[in-house]
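# Survey of secondary and tertiary structure
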Amino acid sequence: MTHQECINCKTTYGIDEIIYFCKKCGDILEIKLDFKELSETLKGSDWLSKPLSVWRYRDFMPIHEATKVVTLNEGGTGLHRSERLGAELGLKNLYVKNEGENPTGSFKDRGMTVGVTKAVELGARHVICASTGNTSASLAAYAARAGIKCTVLIPSGKIAYGKLSQAMIHGAKVLQVKGNFDQALEFVLKLAEKHKDIYLLNSINPFRIEGQKSLGYEICEQLNNQAPDRIIIPVGNAGNISAVWKGMTEFHTLGFIKTLPKMTGIQAVGSAPIVQAIKTNSDKIIPVEHPETVATAIRIGAPVSWKKAVNAIHESNGTAETVTDEEILDAQKILARIEGIFVEPASASSIAGLKKLVKNGVISKDERVVCITTGHGLKDPDTAVKMSEKPVEVEAEMKAIEDALGLKRQVILAR
Ligand code: F0G
């Protein structure tokens, strides 16, 4: 039977039990599918005739058959062949999977459609999360859609304005905690522990990861049932890299793909505990006390799902790398200018990481690479405006406009 399982001591729990940490050893949980049962279900299912989306994979989700899903049409995002960017970086086979195309503008919607559906299934009337912005925007939207109460804790003065506006307009109770994301997360974990009627929807919740694993499934289907050689992904709290790897291994176990990709996680220099663990071959992370980066979404020093992420990187024979703020902003600009894809800074870290790893010879030019861009550029317009050429103010006159454009004026001769 499909169940929840501790990633460390393998203790199992039912899928209708509200639990975030293993009662025996305190580690985090994951959903384990019953592949025999799933294979049988898939034989009689019409899933292949459904459009590319999270709920195309309903049979793969630990949600009861009779449950009504809370959805805004998430998933089915573009996998864009990026020839011009590939040529710039020296790669023949580069794709960008643009998660900014989701309903609230980030990959979080994949997790929230499943997480909030599960919350309602379990009878929850109040959901909560800590967030660097996108999680709160997404949770607020899905809670509104479900008609339940939403509380979000965000770090004080440090989240991008687009994201904050989303949480506010959807009616969430927004608390700005005078501290960083890691501190906010500690509080919501304690709150959910203490007040059993509040359901926690950070990525520590394994049902969210189930929704996000569809990102891995989709990439395979968009590549005609093949995995790419490598997936490059920004890492913050480390839920998403774990989710994509879970999707990949499940499709592999089911025989839908023959090979597996190398999972490659990218963090910003100022908040890179996972890269540090990978590079030093350590089986523990050293939390970063004061994480810093322009990529506010991944300004996280103590990623709660670090163990899952480190496992994913090791198991897939992948790697992890850091990028500077300058490299991130440069990649954001290049992607916008030569592929027409506008992403927020954290998302561009996957492109910056790719550039660095190609330059260092870690990624070979023949690899088929998918870079995941995780959130839309409009989430953080301030950063985009700051680094772009300012608008030129001109008089409302033809001559002034032509002059500003450097156009020669043509004199029209009277006959
Ligand atoms: N990219 C973006 C745009 C994000 O918002 C996040 C995480 C990540 C990457 C990293 O994903 O945490 O699964 O490793 N944002 C969270 C939030 C923490 O609160 O919105 P991860």
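Structure's up top.
A few points on the structure. This is a predicted model, so every value here is computed, not measured.

Before going further, it helps to spend a moment on the site of the ligand. Taken together, 19 residues form the shell around the ligand, and within it Ser131, Thr132, Thr135, Asn237 and Thr374 come nearest. Contacts to the ligand include Asn240, whose backbone N or O atom sits 2.8 Å from an oxygen atom. For the ligand, the accessible surface in isolation is 470 Å², of which the surrounding protein chains cover 99%. Among the secondary structure elements, those contributing two or more residues to the shell around the ligand are α4 (134–146) and α9 (239–253). Tallied by class, the residues present in the shell around the ligand amount to 6 nonpolar, 11 polar and 2 charged.

This brings us to the layout of surface pockets. Size it by volume and the largest pocket reaches roughly 540 Å³. Ranked by residue count, the leading element in the lining of the largest pocket is helix α1 (residues 35–43), at 3 residues. Its residues placed into classes, the lining of the largest pocket shows 9 nonpolar, 6 polar and 5 charged. Approximately 380 Å³ is the volume attributed to the second largest pocket. In this structure, the second largest pocket is lined by 18 residues; those nearest its centre are Glu30, Lys32, Lys246, Thr249 and Glu315.

This next bit is on the sheet that holds strand β1 (residues 3–6). Strand order in the open sheet formed by 3 strands is β2-β1-β3, with antiparallel pairing between adjacent strands. The open sheet terminates on both sides in strands that have one partner only, identified here as β2 (12–13) and β3 (29–32). Pairing analysis gives 4 bridges linking β1 to β3, with the strands arranged antiparallel. Looking at the pairing, Glu5 lines up with Glu30 of β3.

Let us look at the pairing of strand β10 (residues 230–234). The buried fraction of β10 amounts to 5 of the 5 residues, a majority that puts the element mostly inside the structure. Every second residue of β10 is oriented toward a common face, with Arg230, Ile232 and Pro234 on one face and Ile231 and Ile233 on the other, all of them buried. Between β10 and its parallel partner strand β11 (residues 262–268), the chain crosses via α9, and the hand of that crossover is right-handed. The pairing of β10 with strand β13 (residues 368–373) spans 3 bridges and is parallel. Within β13, the residue paired with Ile231 across the bridge is Val370.

Turning our attention to the side chain of Glu218. In this structure, Glu218 sits in helix α8 (residues 214–222). Residue Glu218 is classed as buried on the basis of its relative accessible area, which comes to 0%. Here the side chain of Glu218 touches Gly76 through a polar contact of 2.6 Å, landing on its backbone nitrogen. A polar contact is formed between the side chain of Glu218 and the side chain of Arg110, at a distance of 2.8 Å. Setting aside anything within four residues of it in sequence, one finds Glu218 in contact with Leu52, Ser53, Val54, Tyr57, Gly75, Gly76, Thr77, Lys97 and Arg110.

With that out of the way, let us pick up empty space enclosed by the protein. Taken as a whole, this structure holds 2 cavities of 30 Å³ or more when the rule is applied. The space that makes up the largest cavity amounts to roughly 300 Å³. For the largest cavity, the lining is made up of 27 residues, of which Phe107, Lys108, Gly236, Asn237 and Ala297 are closest to its centre. At the level of elements, α4, α9 and α13 (345–359) are the ones that each hand at least two residues to the lining of the largest cavity. Tallying contributions element by element places α9 first for the lining of the largest cavity, with 3 residues. There is about 30 Å³ of room inside the second largest cavity. Considering the residues around the second largest cavity, the lining is formed by Gln4, Glu17, Ile18, Ile19, Tyr20, Tyr199, Asn205, Pro206 and Phe207. Residues that form the lining of the second largest cavity fall into these classes: 6 nonpolar, 2 polar and 1 charged.

Taking strand neighbours across the sheet as the criterion, the 4 strands line up as β8-β7-β6-β9 in an open arrangement whose pairing is parallel. At either margin of the open sheet sits one strand with a lone partner, and together these are β8 (173–177) and β9 (199–200). Sheet topology places strand β7 (residues 149–155) next to β8; 5 bridges connect them, and they run parallel. Bridge assignment links Leu153 to a residue of β8, and that residue is Leu175. Against the sheet, α4 engages β6 (126–130) and β7, with an angle of about 170 degrees to β6.

The next subject is the state of the cysteines. Within the structure shown, the criterion is met by 0 disulfides. Cysteine Cys9 remains unbridged, with the sulfur of Cys22 as its closest cysteine sulfur at 3.6 Å. Unpaired in this structure, Cys220 has its nearest cysteine sulfur neighbour in Cys371, at a distance of 16 Å. For Cys220, a relative accessible area of 0% puts it in the buried group.

Cut-off values and rules
- Residues numbered from 1 in each chain as written.
- Predicted model: local features only at pLDDT ≥ 70, side-chain atom pairs only at ≥ 80, totals over all residues.
- Heavy atoms only, no water.
- Near = heavy atom within 4 Å.
- Polar contact = N/O pair within 3.5 Å; in protein donor to acceptor, adjacent residues only side chain to side chain.
- Areas by Shrake-Rupley, 256 points an atom, 1.4 Å probe, with all protein chains shown as cover.
- Helix = DSSP H or I, 4+ residues; strand = E, 2+ residues; numbered from the N terminus.
- Nonpolar A, V, L, I, M, F, W, Y, C, P; charged D, E, K, R; others polar.
- 1 Å grid on protein atoms, 1.4 Å probe; cavity = no way out; pocket = protein on both sides within 12 Å on 5 of 7 lines; lining within 4 Å.
- Points joined across faces, edges and corners; volume = space filled by probe spheres on them.
- Pairing = 2+ DSSP bridges.
- Buried < 20%, exposed > 50% of the residue type's maximum accessible area, 1.4 Å probe, protein only.
- Right-handed = clockwise from strand over helix to strand, strands pointing away.
- Contact = heavy atoms within 4.5 Å.
- Axes fitted to C-alpha atoms, helices over the stretch in contact; angles between N-to-C directions.
- Disulfide = S-S within 2.5 Å.

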